[in-house]
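Single-letter residue listing:
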Amino acid sequence: MEKWFFSPQEAGTDEAGRGCLAGPVTAAAVILPEDFYHPLLNDSKQMTEKQRNLLRPIIEEQALSYAVVHLSPERIDQINILNASIEAMHQALDKLTLTPEFVVVDGNRFKPYKEIPYSCQVKGDGRFMRIAAASVLAKTYRDAYMETLHKQYPMYHWDKNKGYPTREHREAILEYGACEYHRKTFQLIDIQLKFDF
């Protein structure tokens, strides 16, 4: 895992839920101490749920500042998922109690944030600790949020699929229809499923 020392107040930012059919896109921003290290810290997708949940309180306790933002399905439908992901990351950066001097972003697309310089890093969540930490926070907060929504709509099995387009999720949409937490601009039903019934 690389360190990126443009400044001690460098923020990493990442999002979770971009490819989901339901629920928010969730972004986190994190400023870590220069000496922060944890052997489990990696791209959240490469970690187990148990590892992510173990790391979340450690990151929260040791971070110099962190913030997490959920951006609604309605907003995603209004401005599209790419713009919504960037907007969520901007909002997370806004909520930091320290003003970052540099921002390192997972992926290859971002929009200027205030006058602060930034760098986009493809697969940065597997290479940079600050992005990896943001990745863990975004994923764990979003998963917990979807588990809460599952209690309201158990037929979609969001406790398991977290809103991602699994076959089980698409079949539930076909049977019960979409609800207010579904992204209406996304293809909710796989055309192939219609022929399987």
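Structure shown above.
Residues numbered from 1 in each chain as written. Predicted model: local features only at pLDDT ≥ 70, side-chain atom pairs only at ≥ 80, totals over all residues. Heavy atoms only, no water.

Some thoughts on helix α4 (residues 129-152)
Our working definition: Put simply, DSSP marks the helices as runs of H or I at least four residues long and the strands as runs of E at least two long, and each gets a number from the N terminus on. Here, expected helix span is obtained from the residue count minus one, scaled by 1.5 Å. Any residue under 20% of the maximum accessible area for its type is buried, any over 50% is exposed, and the rest in between are partly exposed; the area is computed with a 1.4 Å probe on protein chains only.
For α4, spanning 24 residues, the distance from its first C-alpha to its last is 35 Å, which sits close to the expected 34 Å at 1.5 Å a residue. Judged by how many residues are buried, α4 sits mostly within the fold: 17 of 24 residues are covered.

As for the sheet that holds strand β3 (residues 65-71)
Put simply, the rule reads: At least two DSSP bridges between two strands are needed for those strands to be called paired. In this analysis, axes come from line fits to C-alpha atoms, helices being fitted only over the stretch in contact, and the angle between any two N-to-C directions falls in the range 0 to 180 degrees. A contact between two residues is defined here by any heavy atoms of the two lying within 4.5 Å.
Strand order in this open sheet of five strands is β3-β2-β1-β4-β5, and the pairing throughout is mixed. Of all the strands in the sheet, the pair left with one neighbour each is β3 and β5 (118-121). Across the sheet, the mean angle separating the axes of adjacent strands is 20 degrees when strand polarity is ignored. Of the strand pairs in this sheet, strand β1 (residues 10-16) and strand β4 (residues 102-106) are connected by four bridges, and their pairing is parallel. Across the sheet, residue Gly12 finds its bridge partner in β4, namely Val104. Each of β1, β2 (25-31), β3 and β4 touches helix α3 (residues 81-95); the most contacted strand, β3, lies at about 145 degrees to it. Where α4 meets the sheet, it contacts β1, β2, β3, β4 and β5, and its direction lies at approximately 35 degrees from that of β1.

Considering the side chain of Asp106
Put simply, the test is: Positive: Lys, Arg. Negative: Asp, Glu. His and the chain ends are not part of the count. We define a salt bridge as a side-chain nitrogen of Lys or Arg found within 4 Å of a carboxyl oxygen belonging to Asp or Glu. Under the rule applied, a polar contact is a pair of N or O atoms within 3.5 Å (in protein, one hydrogen donor and one hydrogen acceptor; residues adjacent in sequence only if both atoms are side-chain atoms).
Structurally, Asp106 is set in strand β4. Among buried Asp, Glu, Lys and Arg side chains, Asp106 stands out as unpaired, with Lys45 the closest opposite charge at 5.4 Å. Polar contacts involving the side chain of Asp106 include one to the main-chain amide nitrogen of Gly124, which spans 2.9 Å. Discounting chain neighbours no more than four positions away, the residues touching Asp106 are Thr13, Asp14, Gln121, Lys123, Gly124, Asp125 and Ile131.

What to know about the environment of Pro33
Topologically, Pro33 is positioned in the loop between β2 and α1 (49-62). Judged by its relative accessible area of 19%, Pro33 is buried. Expressed as a C-alpha distance, the spacing of Pro33 and Gln62, which sit 29 residues apart in the sequence, is 7.4 Å. Each residue touching Pro33, except ones within four places of it in the same chain, is listed here: Gln62, Ala63 and Leu64.

Focus on the nonpolar core
Stated formally: Buried residues of nine kinds, namely Ala, Val, Leu, Ile, Met, Phe, Trp, Tyr and Cys, make up a nonpolar core once their side-chain atoms join them within 4.5 Å.
Of all hydrophobic cores here, the largest spans 24 residues; its most connected members are Val25, Ala84, Met89, Leu93, Leu96 and Phe110. Going through the elements one at a time, β2, β3, α2 (73-79), α3 and β4 are the ones with two or more residues in this core. No other element matches the eight residues that α3 contributes to this core. Grouped together as the second largest cluster of nonpolar side chains are 18 residues, Ala16, Leu41, Val68 and Ala132 included.

Just distances and angles here, no functional claims.
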